[in-house]
Amino acid sequence: MSDCSNNCSSCGESCGERREPQDFHEPCHELSHIKHVVAVMSGKGGVGKSLVTASLAASLQRKGYSVGILDADITGPSIPKAFGIHEKATGSELGIYPVSTRTGIQIMSLNLLTARETDPVIWRGPVIAGTVKQFWTDVIWGDVDYLFVDMPPGTGDVPLTVFQTLPVDGIVVVTSPQDLVSMIVTKAVKMAQMMNIPILGLVENYSYFKCPDCGGMHRIFGESHLEETARENGVAVLDRIPMDPVLAAACDGGKIEDFTGNYLDHTAGIIEGQLKGAEELLIAVTTQGGQIFQHFGHSEEFTLYTIRNGEIAEKRTLGTNGTGHSALAVLLSEQRVNALICGGIGGGAINALGERGILVLPGAQGDADAAVTQYITTGEVGDPNARCDHHDHGEGHACGEHDHSCGGHCHG
C-alpha cells in the first residue's frame, strides 16, 4: 500500500504486510530491582518539571520508600543541583553506579558524568536517546520502590524512547496557568494516550502567590484554566504549587530534601495508592450525622473512605472512644490514613499529623461524601488557610473571638 505508515498498531487493514505491534521494552540492569516507574513530563520548558520530580522523590523518601531519579533531560539537567550534588558517578566492569543524596535518593544524570557541570551537550537526537536508554540498562540502581524519570520538555525522541524502553507505570504532567499551556498539555496527554501509558493527573506550578503581609492569594499569571483543561482531556487535577520563595531557595540551594511543605502530598499519595495496587488511598473525615464535624479535637468519630481507581470504593466509621486530640494523630496513623478532611484544627495537631505522613485538608464544611468526591475529583477541598490557633497562643483566639472562620470554638 503506497500510503502505509508502517504503524500496524493503529491500522485496521488486513494485508500481507501486516505485523503485530512490537514490544521495545528493555530489561533494566541485572543488579537492579525497580518496582514502579513514574515519568514527570511537560509539553513545554520552564514550568517546574524538575522541581516537581525532585519534590515527589523527597516526599516518598520521607515515607520510607527507596527512591531513584533518572534525569532524562540530557541537554538541560538540573536534578543534581536541586539536591546539592557535585560529585561524579563512578563505574566498574559491572556497570555505572548512581550517586546517592544525603537522604539516600539514587540519582543518575549526565551532569554526574561530564568534566564540568557547565559543559554543553551538543548531540543529535539519536545519541541523546541512546544515553537515556543506557541510564536504564547500564546503571546499577539496586532495589528501588519508585524510580522517577525527569523528562525533557516536548514530545520528541527522548519521551518516545522512555515510553518504549521503560515500563512506565504512570505519568504526571506539569503545567502552569497561562492559556497557551492548555494546548501544550493536550499534546503531552495525547502522546501518553497513544503510548497506552496511564496519566496520573496534572500538577500546576506558579499557581498563585500568597502575600506574607495580608495573606491574600494573588494569581500572578491570571486565572487558571486547569479544571477545564483536565476535563477536556479526561484527567485529574492533582496539586497546585504556589510561587513560594522558600521552596525556590531550597531548590536553588541544593536543599530540596529539607523542604517539608505539603504542596505535593496529594500527588505523592496518588502515586503511592494507585501504583501499589492493593493498598488504596484512605481518607478520614471528622463526621457527625454524615456532615463534617467542625472540631477536630472533640471528634467522636471519623468516617474512613477507601479510594480505589479515583472513586469511593468503601467507607466505614471509626470511633475515637473519647480519645484526646493529642492521640488522634496516632489513631489515624495506626489506620494508615493518607489524608484528613476536617473543619477547624489547631496548628499543633496539623504538625502531629504531618509528622506521620497524613495530609491535612482543613476548613471543609457540609456533606462528608460530597467533600471526599470533590477532593478526589479536583484535588481541592475546604480552605487550606483555615487553622485555629487556640492552643498555640495560650488564652488568645487567633481565629477571632466571635467570628470563627474555622467553624466555631474548635479544639485541635
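Structure: see above.
Residues numbered from 1 in each chain as written. Predicted model: local features only at pLDDT ≥ 70, side-chain atom pairs only at ≥ 80, totals over all residues. Heavy atoms only, no water.

(A) View of the pattern of salt bridges. Counted by the stated rule, this structure contains 10 salt bridges. Asp73 is paired through a salt bridge with Lys49; the nearest N and O atoms lie 3.8 Å apart. Taken together, the positions of Asp73 in the loop between strand 2 (67-71) and helix 2 (79-82) and Lys49 in helix 1 (residues 49-62) put the pair 24 residues apart, joining distant regions of the chain. Take Asp73: its relative accessible area is 9%, and that puts it in the buried class. Overall, the relative accessible area of 7% leaves Lys49 in the buried class. Between Glu227 and Arg240 there is a salt bridge, with its nearest N and O atoms 2.2 Å apart. Separated by 13 residues along the polypeptide, Glu227 in helix 6 (residues 226-233) and Arg240 in strand 12 (residues 237-240) bring together distant segments of the chain. (Salt bridge = Lys/Arg side-chain N within 4 Å of Asp/Glu carboxyl O. Helix = DSSP H or I, 4+ residues; strand = E, 2+ residues; numbered from the N terminus. Buried < 20%, exposed > 50% of the residue type's maximum accessible area, 1.4 Å probe, protein only.)

(B) Layout of the environment of Thr175. Along the polypeptide, Thr175 turns up in strand 8 (residues 170-175). You can call Thr175 buried: its relative accessible area is 2%. Placed 28 residues apart in sequence, Thr175 and Val203 show a C-alpha to C-alpha distance of 6.1 Å.

(C) Representation of the packing of aromatic side chains in the model. For the coordinates displayed, the defined rule picks out 4 aromatic pairs. With a centroid separation of 5.2 Å and 85 degrees between ring planes, the pair formed by Tyr65 and Tyr146 is classed as edge-to-face. Here Tyr146 lies in strand 7 (residues 143-150) and Tyr65 lies in the loop between helix 1 and strand 2, a separation of 81 residues in the sequence. Note on accessibility: Tyr65 and Tyr146 belong to one class, buried. Taking the centre distance of 6.1 Å and the plane angle of 50 degrees together, the rings of Phe296 and Phe302 count as tilted. Note on accessibility: Phe296 and Phe302 belong to one class, buried. (Phe/Tyr/Trp six-rings, centres within 6.5 Å; stacked < 30°, edge-to-face > 60°.)

(D) Structural context of unusual backbone geometry. Unusually for a residue other than glycine, Asn196 sits at a positive phi of about 60 degrees. Within the element layout of this structure, Asn196 appears in the loop between helix 5 (179-194) and strand 9 (199-204). Taking the relative accessible area as the measure of exposure, Asn196 reaches 70% and is therefore exposed. Residues other than glycine seldom take positive phi values, yet Tyr206 does so here, at roughly 55 degrees. If you trace the backbone, Tyr206 turns up in the loop between strand 9 and strand 10 (209-210).

(E) How the structure looks around empty space enclosed by the protein. Using the criterion set out here, one finds 2 cavities of 30 Å³ or more in the structure. Put simply, the largest cavity is a space of about 120 Å³. Residue lining of the largest cavity: 13 residues in total, with Ser55, Arg62, Phe259, Gly261 and Leu264 positioned closest to the centre. With 4 residues, the single largest contributor to the lining of the largest cavity is helix 1. A per-class count over the lining of the largest cavity returns 7 nonpolar, 4 polar and 2 charged. (1 Å grid on protein atoms, 1.4 Å probe; cavity = no way out; pocket = protein on both sides within 12 Å on 5 of 7 lines; lining within 4 Å. Points joined across faces, edges and corners; volume = space filled by probe spheres on them. Nonpolar A, V, L, I, M, F, W, Y, C, P; charged D, E, K, R; others polar.)

(F) Highlighting the nonpolar core. Membership of the largest hydrophobic core comes to 94 residues, with the highest contact counts inside it found for Leu70, Phe83, Phe148, Val162, Phe163, Ile283 and Ile341. If you look at the next biggest cluster of nonpolar residues, it comprises 19 residues, including Val337, Leu340, Leu353 and Val360. (Core = buried A, V, L, I, M, F, W, Y, C linked by side-chain atoms within 4.5 Å.)

(G) A look at the sheet that holds strand 12. Pairing within the open sheet is mixed, and its 8 strands lie in the order 5-6-2-7-1-8-9-12. Each edge of the open sheet carries a strand with a single partner, namely strand 5 (99-100) and strand 12. The pairing of strand 2 with strand 6 (residues 106-108) spans 3 bridges and is classified as parallel. Each residue of the ladder has a partner; that of Leu70, found in strand 6, is Met108. Across the face of the sheet, helix 6 comes into contact with strand 8, strand 9 and strand 12 while running at roughly 160 degrees to strand 12. (Pairing = 2+ DSSP bridges. Contact = heavy atoms within 4.5 Å. Axes fitted to C-alpha atoms, helices over the stretch in contact; angles between N-to-C directions.)

(H) Focus on the side chain of Gln61. Turning to its location among the elements, Gln61 is positioned in helix 1. The class for Gln61 is buried, based on a relative accessible area of 16%. Those residues in contact with Gln61 that lie beyond four places of it in its chain are Ser66, Val67, Thr103, Gly104 and Ile105.

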